[in-house]
Amino acid sequence: MLELALEAAIFFNLTTDAARRLAREMARQINAAWRDIIHDHGVTGADMRSLEPTFEHEEMNGALALSLMQSDENGAASRAARSDWTR
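These figures come from a predicted structure and were not determined experimentally.

A. Layout of the nonpolar core. Formed by Leu2, Leu6, Ala9, Ala19, Ala23, Ala27, Met60, Ala63 and Leu66, the largest nonpolar core amounts to nine residues. Of all elements in the fold, only α1 (2–7), α2 (16–40) and α4 (58–64) reach the threshold of two or more residues within this core. Top element by residues in this core is α2. It accounts for three residues. Excluding residues within four positions of it along the chain, leucine 66 makes contact with Leu6, Arg20, Ala23 and Arg24.

In structure tokens:
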């Protein structure tokens, strides 16, 4: 899912780097706040633990680990596709 979202960035007029930056920042914010927000709504204990897989999973870890350096090979392809798309 994360890779599909990043590939779709060109349709939203985003560079690959910008899409990675946004995904990483959203993941950081969600990761930092979800427990407090859920707790503020009265969820605790076993119910809180049952919700963990919703917020703590492989896609989240992937978004948290995104690096702008990884975009080199995809960045060129995205710029080329974007150029074709905007003509």
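Back to the write-up after that little detour.
B. Summary view of the side chain of arginine 24. Relative to the elements of secondary structure, arginine 24 occurs in helix α2. Although buried, arginine 24 forms no salt bridge, and the nearest oppositely charged side chain, glutamate 25, lies 6.2 Å from it.

C. Seen up close, the layout of surface pockets. Here the largest pocket is characterised by a volume of approximately 310 Å³. Listed by contribution, the elements that provide at least two residues to the lining of the largest pocket are α1, α2 and α4. A total of six residues in the lining of the largest pocket trace back to one element, the largest contributor, which is α2. Here the lining of the largest pocket is composed, by residue class, of 14 nonpolar, one polar and one charged.

D. Just a negative patch on the surface, in detail. On the surface, Glu3, Glu7, Glu58 and Glu59 cluster together into a negatively charged patch. The set of elements that each furnish at least two residues to the negative patch consists of α1 and α4. In this structure, glutamate 7 sits in helix α1.

E. Representation of unusual backbone geometry in the model. At asparagine 13, a position not held by glycine, the phi torsion is positive, near 60°. One can find asparagine 13 in the loop between α1 and α2.

The rules we used
Residues numbered from 1 in each chain as written. Predicted model: local features only at pLDDT ≥ 70, side-chain atom pairs only at ≥ 80, totals over all residues. Heavy atoms only, no water. Core = buried A, V, L, I, M, F, W, Y, C linked by side-chain atoms within 4.5 Å. Buried < 20%, exposed > 50% of the residue type's maximum accessible area, 1.4 Å probe, protein only. Helix = DSSP H or I, 4+ residues; strand = E, 2+ residues; numbered from the N terminus. Contact = heavy atoms within 4.5 Å. Lys, Arg positive; Asp, Glu negative; His and termini not counted. Salt bridge = Lys/Arg side-chain N within 4 Å of Asp/Glu carboxyl O. 1 Å grid on protein atoms, 1.4 Å probe; cavity = no way out; pocket = protein on both sides within 12 Å on 5 of 7 lines; lining within 4 Å. Points joined across faces, edges and corners; volume = space filled by probe spheres on them. Nonpolar A, V, L, I, M, F, W, Y, C, P; charged D, E, K, R; others polar. Patch = residues over 30% accessible without salt bridge, like charges linked within 9 Å, V, L, I, M, F, W, Y side chains within 5 Å. Areas by Shrake-Rupley, 256 points an atom, 1.4 Å probe, with all protein chains shown as cover. Charge placed at Lys NZ, Arg CZ, Asp CG, Glu CD.

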